[in-house]
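Secondary and tertiary structure notes
The chain contents come next:
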Amino acid sequence: MFHSYAAIGDSFTEGVGDEMPDGSVRGWADFVAIGLAAAAREPIGYANLAIRGRKLGPIIDEQLDPAIALRPELLSFNGGGNDMLRPRMDEQVTASRFRDAIERIRAEGIHVLMLSGANPTDHLPMGKVFDARGARLTAALVDLADRPGVTFVDNFNDVGLRDIRYWSPDKLHLNALGHARVASNVLTGLGVAVPVEWGVEEVAAAPAGPKSRNTAAYYREFVLPWIGRRLTGRSSGDGRAAKRPTLAPVPDAAA
């Protein structure tokens with residue numbers, strides 16, 4: 001049973017795609033914190049230092065030390081998704097940095113939740129290229145799951161999660177249903193009961209969504225702005241701060 005949890009990463013962990021009415025984002029890590037609090041039947045400490053748009057290097061350089069300094073019992077680590085979307089990616093360097101980060105967390109006596117991101121490539125332009133990169137990176141790191149103090153959750157190879165029903169309009173970020181499914185995968189991996197009121201199994205049993213089509217409007221609204229940021233060296237996370245920089249209570253009543 002974990003009574004404190006910190007998360008680091010990019011938009012996947014921040015919760016982009018699961019927007020709340022006030023403009024904030026929720027996401028799978030928030031769901032996991034709620035699930036842990038419900039299982040513990042008492043408030044737990046939860047911090048989320050993830051910031052959208054971050055590549056693996058900045059996640060490690062900017063978020064890892066502050067997360068370790070919080071001394072959580074559980075620390076989730078995901079990264080590399082934004083690296084895979086770049087024209088060039090040094091897969092060996094990326095895998096090596098990821099591996100070093102996992103070992104560093106373990107050395108601090110903190111349980112590591114290592115997870116791969118969900119796979120959006122069925123719906124993206126050049127999806128096959130990104131799919132191959134993600135598959136190779138996941139395969140290069142899967143042996144870490146055998147380390148003591150590591151729980152590995154492989155969302156990338158969750159075939160059901162590829163269904164368009166789980167994705168937001170940009171087809172790059174999960175929607176609320178997708179984030180809930182990832183949280184369900186995580187809690188199951190940790191041996192924690194998934195709250196039935198989330199309806200994850202009910203959604204999974206429903207018919208698959210329609211085949212995704214990338215229209216001209218889709219390219220105008222999502223693809224071209226993304227290309228524009230790449231060309232100008234900007235990021236969707238520029239100027240943003242972590243949404244939960246310290247361990248703060250998550251009441252079990254939130255479930």
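These notes cover the structure that comes with them. What you see is a predicted model; the values in this text were computed from it and never measured. (Residues numbered from 1 in each chain as written. Predicted model: local features only at pLDDT ≥ 70, side-chain atom pairs only at ≥ 80, totals over all residues. Heavy atoms only, no water.)

Attention now moves to helix 3 (residues 56-69). Between the first and last C-alpha of helix 3 there are 19 Å, a value that for 14 residues agrees with the 20 Å anticipated at 1.5 Å per step. When the local axis directions of helix 3 are compared, the greatest deviation, roughly 40°, occurs at Gln63, which is followed within four positions by the proline Pro66. For helix 3, the set of buried residues is Leu56, Gly57, Ile59, Ile60, Gln63, Leu64, Ala67 and Ile68. Those residues of helix 3 hidden inside the fold are in contact with strand 1 (4-8), strand 3 (74-77), helix 4 (81-84) and helix 5 (91-107). Where helix 3 terminates, the next one or two residues include Arg71, which has phi positive at roughly 55°. (Helix = DSSP H or I, 4+ residues; strand = E, 2+ residues; numbered from the N terminus. Expected span 1.5 Å × (residues − 1). Bend = angle between axes of the 7 residues up to and from the residue. Buried < 20%, exposed > 50% of the residue type's maximum accessible area, 1.4 Å probe, protein only. Contact = heavy atoms within 4.5 Å.)

Counting across every chain of the model gives 17 salt bridges. Across the pair Asp65 and Arg104 runs a salt bridge whose closest N-O atoms are separated by 2.2 Å. With Asp65 in helix 3 and Arg104 in helix 5, this residue pair connects regions lying 39 residues apart in the sequence. A salt bridge links Glu91 to Arg136; the nearest nitrogen and oxygen atoms lie 2.6 Å apart. Taken together, the residues span a long stretch of sequence, with Glu91 in helix 5 and Arg136 in helix 6 (residues 127-141) at a distance of 45 residues. Given the relative accessible area of 42%, Arg136 is considered partly exposed. (Salt bridge = Lys/Arg side-chain N within 4 Å of Asp/Glu carboxyl O.)

Moving on, we get to the nonpolar core. Core analysis: the biggest nonpolar cluster contains 35 residues, and Tyr5, Trp28, Leu36 and Val186 have the highest contact counts within it. Going through the elements one at a time, strand 1, helix 2 (28-40), strand 2 (44-48), strand 4 (111-116) and helix 7 (176-190) are the ones with two or more residues in this core. Ranked by residues supplied to this core, first place goes to helix 2 with 9 residues. Among all residues touching Trp28, those that are not within four sequence positions of it are Tyr5, Phe12, Thr13, Ser76, Leu113, Leu115, His179, Val182, Ala183 and Val186. Phe77, Ile102, Leu137 and Leu144 belong to the second-largest nonpolar core, a separate cluster that totals 26 residues. (Core = buried A, V, L, I, M, F, W, Y, C linked by side-chain atoms within 4.5 Å.)

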